[in-house]
Number of protein chains: 2
Amino acid sequence: MGKQVTIKDIARKLRLSVSTVSRALRNVPDINPSTKQLVLETAAALNYEPNYIAQSLITRETKMIGVIVPVISSDFFGKALTGMNEIASSLGYHLLFCQSNESCETEIVNIRQLISCRVDGLLVSVSRETTDVSEFEKVIQKRIPLVFFDRAPTHIEASKVIVNQYDGAFRAVEHLIEMGCRRIAHLAGPAGLSISDERMKGYEDALRKNGLSPEDRYIIRCDHFQDSAPGAIRQLLDLLPDLDGVFAVNDPLGISVIRQLKAAGIRIPGDVAVVGFNDDPVSEVSEPALSTVMQPAYKVGKQAMEMLIRRIKDKSELPETSLLNSHLIIRSSSRRQN
Amino acid sequence: MGKQVTIKDIARKLRLSVSTVSRALRNVPDINPSTKQLVLETAAALNYEPNYIAQSLITRETKMIGVIVPVISSDFFGKALTGMNEIASSLGYHLLFCQSNESCETEIVNIRQLISCRVDGLLVSVSRETTDVSEFEKVIQKRIPLVFFDRAPTHIEASKVIVNQYDGAFRAVEHLIEMGCRRIAHLAGPAGLSISDERMKGYEDALRKNGLSPEDRYIIRCDHFQDSAPGAIRQLLDLLPDLDGVFAVNDPLGISVIRQLKAAGIRIPGDVAVVGFNDDPVSEVSEPALSTVMQPAYKVGKQAMEMLIRRIKDKSELPETSLLNSHLIIRSSSRRQN
DNA sequence: CTGTTAGCGCGTTCAC
DNA sequence: GTGAACGCGCTAACAG
């Protein structure tokens with residue numbers, strides 16, 4: 001941010017006052033068309049770029065949206081960010097981007113920093129550690145518009161755009177049951193994280209509704225959400241031969257299951273059927289291709305940004321929740337064979 | 001950006017002057033420890049958050065870095081962004097994020113917007129359309145620090161952090177030749193884009209060095225860089241049976257090739273060996289697993305950010321280029337069989 | 001239509 | 001050690 005040309009520079013050059021220049025540069029009525037023309041031309045000639053920072057101080061809006069994600073390097077968040085960016089840029093907003101690295105301390109630091117940057121609003125997908133929501137309550141108290149997307153704290157009065165995890169999981173497991181599975185394991189995500197808790201509930205309810213009962217030994221925790229978790233897979237193998245279905249909390253885990261089971265001589269889906277979650281690109285490429293639950297990541301990002309900007313423009317709006325549908329994609333890893 | 005508490009508020013409450021409060025909030029010597037303590041306490045009690053915007057106007061730095069990528073939703077850029085963010089956040093910088101969508105018009109708009117946001121520096125990976133570099137020259141003229149990463153315009157005096165595409169491609173193709181391939185096709189990226197041109201050159205030189213000559217019909221353009229390009233694959237199939245190797249400009253294309261060839265009854269790597277580029281997660285999952293050229297995406301992001309911040313702190317530095325090595329990963333799609 | 005004045009929140013001289 | 005005055009780049013209110 002060196003010494004850029006300012007309206008003062010062009011005012012001096014044209015022997016005009018800064019306010020006249022300011023008016024010429026904006027869409028205000030009280031301005032002589034010819035002066036306006038003149039100002040515009042010299043502004044272009046001087047390579048003038050308006051200073052949004054200075055404008056922000058007056059208009060009290062920065063046109064910047066703070067976005068906090070647990071990790072950026074993931075298919076889901078990449079698509080969500082694309083959706084956000086599309087809406088934001090079309091409405092003149094910019095994204096100020098932060099990554100919590102799944103740490104709640106980092107998340108709090110990020111929130112404060114973004115507030116100090118005076119973002120007009122906040123879009124947050126919480127870290128898997130986050131249980132204390134007091135920092136978010138402070139944000140709401142300060143009347144800074146806030147929308148959670150994908151991962152949202154349960155006990156907080158705030159706007160959210162989330163995907164129906166429960167329903168997706170329920171249908172995935174019911175599908176396994178329809179395919180004849182009776183002893184279905186669940187590779188679960190970290191406890192306390194909304195999305196993994198919901199997927200777990202969907203798993204359990206689908207079993208119960210079909211006369212099966214959830215058993216502890218069939219529920220295997222994978223705290224490192226994104227990892228392939230060799231330990232968890234080993235626990236799964238120990239269940240054999242009392243196992244004919246696996247519902248994995250995400251696709252990388254699903255893929256790992258397929259590979260390890262195949263390596264152990266198990267046929268998929270003949271002996272064990274497998275379903276994942278998220279529709280990562282890998283799921284389609286695997287052999288057999290992994291059945292999975294597709295989440296509308298792009299749409300989540302778009303809707304969250306739309307909702308946030310609506311709230312920025314009308315701060316009186318009450319918290320609202322948008323629940324998007326997920327969609328079961330049946331592929332070879334769970335399809336009945338002929 | 002509503003009515004947040006300012007240093008004025010806490011000055012009034014404490015019956016102090018704003019400058020005293022300002023001094024207490026920063027690390028300046030001329031301040032009574034007890035008043036400093038008092039100010040700090042009431043600041044915390046009032047939930048005061050410093051206004052970076054106002055500070056920026058005075059310090060003439062925003063601690064914001066503008067980042068422009070062609071697409072965010074890709075494995076490579078996701079990892080690069082992670083690397084950038086790591087360095088940036090550790091040094092108190094924030095990322096202002098833009099996506100050009102592979103359009104050079106959007107890219108120019110992004111550049112101007114970021115300059116108006118008064119970012120301290122710019123990190124850019126150019127769109128595949130970009131041929132005119134005049135907008136970047138303007139940035140350099142304005143003495144705004146700029147570093148290109150991954151995709152850089154060829155004819156411009158600017159700092160760059162790039163991966164040795166030529167070498168990666170050369171070794172990939174030489175590897176195919178070592179495996180016995182003699183009729184190697186190249187599914188190429190868009191012409192004019194630095195990285196695809198370099199990969200093409202590496203392909204051609206590897207052939208020549210080994211006594212083979214590049215033929216036009218073996219070079220198939222895929223202008224939609226990221227797509228699986230059914231048309232291109234069809235052209236490839238038309239080459240059969242005069243084909244025993246394929247070097248694809250990226251992994252999604254490589255995967256498509258494998259699938260289509262398999263569907264056509266071709267054995268891989270027995271009849272045709274395939275190598276991709278980038279080491280996307282899909283490449284490992286495919287069957288056979290796709291050999292590929294790994295690029296250090298995370299390191300590219302880190303180095304680019306480090307270089308940029310160095311240039312922000314010392315604007316006198318001359319343009320420099322960092323050339324990172326890629327690494328050939330040999331998997332089943334090209335490995336000699338026993 | 002145009003210029004003058006004031007002020008956004010804060011840091012930076014200077015006196016005191 | 002503290003306060004008053006000024007200015008960063010710009011917009012807003014008013015006077016002319």
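It should be emphasised that the depicted structure is a prediction, and the values quoted were computed from it without experimental measurement.

K.L.:
Would you explain the interface of chain A and chain B in this entry?
P.N.:
When the parts of a complex come together, some accessible area is lost, and that lost area is often used as the size of the interface. Facing 43 residues of chain A, the contacting portion of chain B comprises 43 residues. Secondary-structure elements contributing two or more residues to the side of chain A that touches chain B are α4 (52-59), α5 (75-90), β2 (94-99), α6 (104-116) and α12 (281-285) of chain A. Taken together, the three bridges between β2(A) and strand β2 (residues 94-99) of chain B define a ladder with antiparallel strand orientation. Across the sheet, A:Leu96 pairs through a bridge with B:Leu96, a residue of β2(B).

K.L.:
Just checking my understanding: could you explain the protein's contact with DNA strand D for this structure?
P.N.:
The environment of DNA strand D is made up of 24 residues, and the closest members are A:Thr6, A:Ser19, A:Ser22, B:Ser17 and B:Thr20. At the level of elements, α1 (7-14), α2 (18-25) and α4 of chain A together with α2 (18-25) and α4 (52-59) of chain B are the ones that each hand at least two residues to the surface near DNA strand D. Across the surface near DNA strand D, the residue classes break down as 11 nonpolar, 10 polar and three charged.

K.L.:
Help me understand the protein's contact with DNA strand C in this model?
P.N.:
Surrounding DNA strand C, one finds 25 residues, the nearest of these being A:Ser19, A:Thr20, A:Asn32, B:Thr6 and B:Ser19. When residues of the surface near DNA strand C are traced back to their parent elements, those giving at least two are α2 and α4 of chain A together with α1 (7-14), α2 and α4 of chain B. Sorting elements by how many residues they give to the surface near DNA strand C places α4(B) first, with five residues. Counted by class, the surface near DNA strand C contains 11 nonpolar, 11 polar and three charged residues.

K.L.:
Explanation requested: the sheet that holds strand β3 (residues 121-124) of chain B in the structure shown.
P.N.:
Across a sheet, paired strands are connected by hydrogen bonds in the backbone, their directions being either parallel or antiparallel. Strand order in this open sheet of 12 strands is β11(A)-β5(A)-β4(A)-β3(A)-β1(A)-β2(A)-β2(B)-β1(B)-β3(B)-β4(B)-β5(B)-β11(B), and the pairing throughout is mixed. Both outer strands of the open sheet, β11 (321-324) of chain A together with β11 (321-324) of chain B, are each paired with one neighbouring strand and no more. On average, adjacent strands in this sheet sit at an angle of 20° to one another, irrespective of strand direction. Note that strand β1 (residues 64-69) of chain B and β3(B) share four bridges and pair parallel. The partner of B:Val67 across the bridge, within β3(B), is B:Leu123. Running over the sheet, helix α5 (residues 75-90) of chain B touches β2 of chain A together with β1, β2, β3 and β4 (146-149) of chain B and is turned about 155° from β2(B).

K.L.:
Even after reading the chapter, I still don't get unusual backbone geometry, so can you show me in this structure?
P.N.:
Among all residues except glycine, the phi angle is most often negative; among peptide bonds, the trans geometry is most common. Cis geometry is found at the peptide bond from A:Leu240 to A:Pro241, where omega equals 5°. Tracing the chain through its elements places A:Pro241 in the loop between α10 (230-238) and β8 (245-248). The omega torsion across B:Ile268 and B:Pro269 is 5°, close enough to zero to call that bond cis. For B:Pro269, the position within the fold is in the loop between α11 (251-263) and β9 (273-275). With phi around 60°, A:Asn47 is a residue other than glycine that occupies positive phi space. Position of A:Asn47 among the secondary structure elements: in the loop between α3 (33-45) and α4.

K.L.:
I keep staring at the environment of A:Tyr218 and nothing clicks. Help me out?
P.N.:
Residue and element names in this part refer to chain A. Examined against the element boundaries, Tyr218 turns out to sit in the loop between α9 (194-209) and β7 (219-221). By C-beta crowding, Tyr218 is classed as buried, having 22 other C-beta atoms within 10 Å. Remark: the alpha-carbon pair of Tyr218 and Leu290, spanning 72 residues in sequence, is separated by 20 Å. Beyond its immediate stretch of four places on either side in the chain, Tyr218 contacts Ile184, Ala185 and His186.

K.L.:
Where do I start with the domain arrangement of chain A in this structure?
P.N.:
Domain annotation of chain A identifies domain 1 (7-50), domain 2 (62-163 + 297-325) and domain 3 (165-295). The gap between the C-alpha centroids of domain 1 of chain A and domain 3 of chain A is 64 Å.

K.L.:
I'm lost on the relation of the copies chain A and chain B in this one. Help?
P.N.:
These two copies of the chain differ by a rotation about an axis and a displacement along the same axis. Mapping chain A onto chain B leaves a residual RMSD of 0.0 Å; the transformation is a rotation of 180° accompanied by 0.0 Å of translation along its axis. With respect to symmetry, the two chain copies, as superposed, fit the operation of a two-fold axis. A shared binding surface is used by both copies, with 100% of the interface residues of chain A retained as interface residues in chain B.

Cut-offs applied
- Residues numbered from 1 in each chain as written.
- Chains lettered and ligands numbered in written order.
- Predicted model: local features only at pLDDT ≥ 70, side-chain atom pairs only at ≥ 80, totals over all residues.
- Contact = placed C-beta atoms within 7 Å.
- Helix = DSSP H or I, 4+ residues; strand = E, 2+ residues; numbered from the N terminus.
- Pairing = 2+ DSSP bridges.
- Near = placed C-beta within 6 Å.
- Nonpolar A, V, L, I, M, F, W, Y, C, P; charged D, E, K, R; others polar.
- Axes fitted to C-alpha atoms, helices over the stretch in contact; angles between N-to-C directions.
- Buried ≥ 20, exposed ≤ 12 C-beta atoms within 10 Å, placed from the backbone.
- Domains from an automatic or database assignment.
- Least-squares fit on C-alpha atoms with pLDDT ≥ 70 in both.

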